[in-house]
Amino acid sequence: MSCQPFTPLQAECESEAELPTRVVYSLKVHPIVFSLPHLSLPYHRPLPDVRTRPRKPSLSTPTPSSSYPPTPPTPKDDRPIATSGSDPKSRRVRASGGLELSRGEYRLLAFVVLLALFVRLWRLGQPSSVVFDEVHFGGFASKYIKSKFFMDVHPPLAKLLITLAGFIAGYNGDFAFKDIGDDYLEPGVPYVAMRFLPAILGVALVPLAYLTLRALHCRVATALLGALLVTFENGLITQSRLILLDSPLIFFTALAAFFWTGFANEDKVPQRQFKKSWWTWLTLTGLALGAVTSCKWVGLFTIATVGLATIRQLWYLLGDLRIAPRLLFKHFCARALGLIVVPIVFYMLMFEIHFLILSNSGSGDGFMSSEFQHTLRGHGMKDTSADVAVGSKIAIRHLNTQGGYLHSHVQTYPSGSMQQQVTLYPHRDDNNLWRIFNASGHNADNEHYLYETSPLVHITDGMLVRFEHVSTEKRLHSHDIRPPVSEVDFQNEVSAYGFPGFAGDANDNWRIEIYQGDAHDRHSRKRLRAIRTKFRLKHTLTGCYLFSHKVKLPDWGFEQQEVTCNKNPAMDNSIWYIETNEHPLLNDNDDKVNYRRPSFLSKFLELNAVMWRTNAGLTDRHAYDSRPWSWPILRRGINFWVKEHRQVYLIGNPVVWWLSTLSVALYAVVRGLLILRAKRGYKDFNHSSVVFYDEVCGFLFIGWAFHYAPFFLMNRQLFLHHYFPALYFAILLTCAVFDFITATFKPRVRLQAAAVVLILVLYCYAHFSPLAYGNQWTRKECQRSKWLKTWDFSCGDFPQNYAGYETSAPDKASIPATLAVNPESDARARLIAEENAKHDAVEQARVAAETTAENTHVVAPLAPGHDVFAQPDGNKLPSSSGSAAPAAPEVDRSGQRPSDAGPPLVVPEQKADAVEADKEGKVVEEGEAARVQKLKGMAEQYDDKLKNELSYTEDAEAARAARIPGVGDKQAERAIVRKLDKCIMPMAFILQLLCSIDRASIGNAKVAGLEKDLKLVGYEYNIALTLFYIAFLLVEVPSNLLLKRWGAHIVLPALVIGFGVVTTLTSVVKDFTGLAIIRFALGLTEGGVMPGLAAYLARFYRRDELVLRVGIFVAATAVAVAFGGLLASAILTIDSIGWLTSWRLIFLIEGILTTGLGILMLVAAKYLFPREPLAAKFLTEEERIVADARIKSESAAIKHAVEKTDRELVWRAFKNANVFFGTMGMILVQISVQGLSLFMPTIIRSLFPGRSVVQVQLLSCPPFILATFTGILSAWMSDKFRRRGLIVAIFLPWAILGYILFVATRSGPARYAGAFLCAGGALPIGPIFISWAANNTSPDTTRAVGSGIVVGMASVGSIIATWSYLPNDGPNYLIGNGLNVASTSLLLLNGMAAWGYNSWENRQRAAGKRDHRLVGKTEAEIQKLGCYHPEFKLAT
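Residues numbered from 1 in each chain as written. Predicted model: local features only at pLDDT ≥ 70, side-chain atom pairs only at ≥ 80, totals over all residues. Heavy atoms only, no water.

A.B. asks: Explain the state of the cysteines here, please?
C.D. replies: A covalent bond bridging the sulfur atoms of two cysteines is what the word disulfide describes. The tally for this structure, following the rule as stated, stands at 2 disulfides. Put simply, Cys544 and Cys565 are joined by a disulfide, and their sulfur atoms are 1.9 Å apart. Residues Cys544 and Cys565 are joined through a disulfide that is right-handed, its torsion about the S-S bond being 95°. Within this pair, whereas Cys544 is found in the loop between strand S12 (534–539) and strand S13 (545–552), its partner Cys565 is found in strand S14 (residues 561–566), the two being separated by 21 residues in sequence. For Cys544, a relative accessible area of 0% puts it in the buried group. Residue Cys565 is classed as buried on the basis of its relative accessible area of 0%. The disulfide bridge from Cys782 ends at Cys795, spanning 2.1 Å between sulfur atoms. The sign of the -80° torsion about the S-S bond sets the Cys782-Cys795 disulfide as left-handed. Placement of the pair is Cys782 in helix H17 (residues 779–784) and Cys795 in the loop between H17 and helix H18 (804–807), with a sequence separation of 13 residues. (Disulfide = S-S within 2.5 Å. Helix = DSSP H or I, 4+ residues; strand = E, 2+ residues; numbered from the N terminus. Buried < 20%, exposed > 50% of the residue type's maximum accessible area, 1.4 Å probe, protein only.)

A.B. asks: Hey, could you run me through helix H30 (residues 1089–1097) in this one?
C.D. replies: Each α-helix turn comprises 3.6 residues. Residues three or four places apart therefore point the same way. Taken across its 9 residues, H30 has 9 buried, putting it largely inside the fold. Buried within H30 we find Val1089, Met1090, Pro1091, Gly1092, Leu1093, Ala1094, Ala1095, Tyr1096 and Leu1097.

A.B. asks: I keep staring at the confidence of the model for the protein chain and nothing clicks. Help me out?
C.D. replies: On average, the protein chain scores 75 in pLDDT, and the residues at 70 or more come to 74%. Here residues 1–90 is modelled with pLDDT under 50, and outside its nearest four sequence neighbours on either side it reaches 211 contacts, counting other chains as well. Counted against residues more than four places away or in other chains, residues 938–966, with its pLDDT under 50, gives 56 contacts. (pLDDT = per-residue confidence, 0-100. Contact = heavy atoms within 4.5 Å.)

A.B. asks: In this structure, what is going on with unusual backbone geometry? I would like to understand it.
C.D. replies: Leave glycine aside and you will find that most residues have negative phi; peptide bonds, for their part, are mostly trans. Residue Pro127 is reached from Gln126 by a cis peptide bond, and omega for that bond is 0°. In this model, Phe177 sits at a positive phi of 50°, which is unusual for a non-glycine residue. With respect to the helices and strands, Phe177 occurs in the loop between helix H3 (157–168) and helix H4 (191–215).

A.B. asks: So what exactly am I meant to see when it comes to the pairing of strand S9 (residues 475–479) here?
C.D. replies: Along any regular strand the residues' side chains alternate between the sheet's two faces. Taking burial as the measure, the 5 residues of S9 include 5 buried ones, the bulk of the element. Burial along S9 is two-sided: Arg475, His477 and His479 facing one way and Leu476 and Ser478 facing the other are all buried. In this sheet, strand S10 (residues 491–497) lies alongside S9 in antiparallel orientation, the contact comprising 5 bridges. Considered in S10, the bridge of Ser478 is made with Val494. (Pairing = 2+ DSSP bridges.)

A.B. asks: What exactly am I supposed to notice about helix H2 (residues 134–146) here?
C.D. replies: In this model H2 runs 17 Å from its N-terminal to its C-terminal C-alpha over 13 residues, within 8% of the 18 Å that 1.5 Å per residue would give. In terms of burial, H2 is largely enclosed, as 10 of its 13 residues are buried. For H2, the set of buried residues is Glu134, Val135, His136, Phe137, Gly138, Gly139, Phe140, Ala141, Ser142 and Tyr144. Tucked into the core, H2 has its buried residues touching H3, H4 and helix H10 (325–357). Taken from the residues just after H2, Ser147 is the one with a positive phi, measuring 60°. (Expected span 1.5 Å × (residues − 1).)

A.B. asks: For this particular structure, what's the right way to read the environment of Ile1023?
C.D. replies: Relative to the helices and strands, Ile1023 resides in helix H27 (residues 1020–1046). The residues touching Ile1023, leaving out its near neighbours within four places in the chain, are Phe1072 and Trp1363.

A.B. asks: Please clarify how the packing of helix H9 (residues 299–319) against H10 should be interpreted in this entry.
C.D. replies: Each pair of packed helices can be summarised by the angle the axes make with each other and by the distance between the axes. Viewed as axis vectors pointing N to C, H9 and H10 meet at an angle of 170°, and their least axial separation amounts to 10 Å. Put simply, H9 runs roughly antiparallel to H10. Contacts between H9 and H10 involve Val306, Thr310, Gln313, Leu314, Leu317 and Leu318 from the former and Leu328, His331, Phe332, Arg335 and Leu339 from the latter. Taken together, the residues of the contact of H9 with H10 break down into 7 nonpolar, 3 polar and 1 charged. (Axes fitted to C-alpha atoms, helices over the stretch in contact; angles between N-to-C directions. Parallel < 35°, antiparallel > 145°, perpendicular 65-115°, else oblique. Nonpolar A, V, L, I, M, F, W, Y, C, P; charged D, E, K, R; others polar.)

Take a look at the structure:
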């Protein structure tokens, strides 16, 4: 049927199928493989015209016996795809890139663009003051125009475009963009022109969405819907109307997606490959990728999206045998050129422009190396004399920290020696100059040494020297006095000391140690040469080295960098060089040196490395930051600006966001369903429509996932606007889903459906537009608009009615205001400005009274119209105590803040609860996470006492009771432990129980007929068991790291749901292949449970309490085997239901039960699995403090129970001796225990061959019931006597005896008695080694990784166990039982070795032989020592 378009909106076919004209022929894609878009497929054959095949697709006809992939149907239309729909009667305009738009569509597109212009540009000049991150990006434009170098974490393109707009409009760069709320109008800033560029790019996003959907072969109505969704998306509107980088970023992201779609369409036509249009689309794609990456590094996710599609193209080209290798290589080189070389060249070109413009010294100098800095005007220096001689006047510079020059001034230290300060100062100054003298022989008396007339004496390696400060005539001095800040034994104070007539003493003497010379200057290795020689200064009297590190002095030291003398310094921090050198005897004819000018490539690489480090360092929390999981549901926005009863608040259009999230979830679910159906033999992928929509949606889903998922791996500041690129792909995916759902609708019905969606979108756009445009609004309308309680726009800022805008002039001095800091439930604070004078007076009085009583609220008066983000008194926010909160963290020593650090907002999260005063006078209670932050601050008050007063000996309890409130009160601590036991332990036990039941149920299924039904032969059953433990081994350490990053409340319930679903799917396996895959998947989902629980419990229980708790949850393993046997025997009494035989019912019922419980756990996860003691909702605030202090008191120098993940701490776990002992112990335990649990029904059947299957299942239960009791008993004894090795020595011999009975006798009853000994003696040992390793590893990262290693490597033993009881070894199983005799014997020896090692190590520490580990360490490094700290007592 031909298409006869009668209106622009109805230019579609009315055939029954109504599929797009050009359906891609891609049936060779295997449905199990997650498909990428059709536009990446390289098929070039003519495609069938689906309009001539009105067969309605069916998804319900099962054909289990059919093979896959299907045979492609014979095309009925041999026309090439490029000519489809090109009939002149269709009035379509032929274009490259797969676009065939009618003239009516162009008119329609023009109308949509005009509509977008109105929406984006309306009242563009409002607000007329600085908004949110305009502080940063407007300021960067000023620096570009002034050519002053700055450092930002983002590449330069978007900032250059904004600068260009301002430059064209006549902006001179004089406006400072200092604070949010600064007025634009009075200084005459052309801010509208600067906002115009992002706004125009926001407008351009609308036609790009339309054209991309049309290039993806979606219908006109669908493309129009997508364009209008983008047009009326409030979040995109808000960010495109301001001087921000997000609009250019999203524009170039969309542009890259469009160009790639066009290229892929060109590539599908063989006749167009390597033609001009083909190269054009490819090059444009590369340029767009370079542009998006040059705006923000988020563009790398766009490159990954296109890169994956490219790899898929090349993969299918590789499999097409019709393509010659030479042509294949040509395809590869063309894509490498267009998609790799072009983006890199474009990216580097932007930095070349960046360097050319920023030619003057500026605020970013301090981030860069000296060589880089000296390429900037105003920072260069004249050539200096190379040779340093006695009497030279020099400036000494620190190499590593780039902190600056060795500096002194007349101010003195407030403590210690109270002598003149010596610091590191980043700027050039006369106080940086020192004169060097010889301190040995007759030249030691520098006051009488005539260096102006005496022969020139070079400073050589090993020479003893003194340094005299030129300005104050005091000498560089050190002595055995601790520095004022780094007060540790291995650091000495460095000062400037002396007075007229004093010849100095030995404390002024320093020895030159040349560390490195210049490869091109042979003299620099033997004597000091300016710039070229790197050297160390050793204090001769104390043996310490002149040292500096990134520690700033307090206000009395002007926040300059600390200089000390370190006895065991890090090498890099003790290296210096001389930058300038003057001597009266050196003239212009002597050797001169200067910094070598770095090449562009060197500057480019250095700046990108600094950007990376700075970006990674933005980990401080901001009042409006958020985490990625909250973005798709639009949980909260960002308060951009509040002033004059108006507000700009970034929040999306709820209909658009929630529809897009629903579409993403819907595609994922449907795709998963299609995979399952394909596995069952349904041929859904034989239908062209299914393949087409799967390809389109797959590409858009990958684009969404690649722009969203990586943020979960980032431990830095994140904001809602980081989701916008992913949102764009989600909107397009929404349109593709709409196109699929309405595929069988008539055009008018389809348009009506689109109209319904648009009406809802328009309603939300209009409803929330006052927040996007900063328009007038009333308080009541605002409060009604808080559809979610987490939407924290400030309703108190709006007047009661619109008349308030006329009666309340913005007189900043007449009406008081209130600023309340109100942390939400996720510990993000929100600001509420209340400017009703009468209400504020009452509210402030009430809050002040509460503040006096509880000292928890923060209330600060502000003048009306004052921006809530701008802090009084130099970026400090007054607190209830009258003191100022600390200033916002800065990255640059000169005061510059990276743009991604958020606006300069200071929120004292740890000082107060927060209140929100609304018009009824209600108080919004603080969120739970905000209380956690406050409690952390309170808990840290105990840290010093805990570390100084608690020894790791038996009388620690007495010290704790005497000194620490609440800690040491046995009754109070027991009450806390009881609460922990009631709330945490039941869930840990249930979780491990479910895990073990699902794992061991295969043993019960085996005796119930699994092997027979699946036709398993030989060792296939053992192979399937082995695959489980291989996956188990691979996943355990990564799972523990995820648990540390995301929290137990997410990871543990997710694992339960995961292995519940996998267990359920085990009931449908048909053969060995299916069983192998499902067991591997079960290992992936169960692998993280036991190590995760062990590491998690160590956060709440002290070391002498942990073994019992680990023993309890590990006892669930024995309970699971027993209960699993009882459950299996009960299920076996049920008759088969169709193909669901008895053993399949075991998996089905157990899997459904587990999945259901996992979902319930997830719902209540935050209560059941708190992240740390301070977040436990079932404890009172006082109990949380004590609970947290209990844990930290056991780790010397540890300030936080859960610290940030550090690579060094991760690697330390692999080198820990106790991790080694625990790993070996668990491997040997698992050989015995897993072999016993997996094969117990088989062993019992061999002992009692005449018993029925149900009786065999029941007989396998009692040994494990005994093991449950012995496991708990051994754990209790271990905690009671505080001995681990002793318990191993008591219980393990019984297991050895049991296995000896298995080997030595053939008597069934005797061997059954041996089963009790084996289970009762071996199963308790596992918890001992798990908790032993957890006890002796610290801090939390090392413990988490160590626990993962111990439990993960135990899978090696489990793998061995699966091959211990082989079919041909029955019924006596001499190999398996003999192996277990050996493994339990080695296990006993391993336990004794661990006991002996830890006892010896404790003696070494008590004797002071490990105190050297503290030498040369900073406070942060000492905190990282954890279990290696000399005061840490190892459990024995």
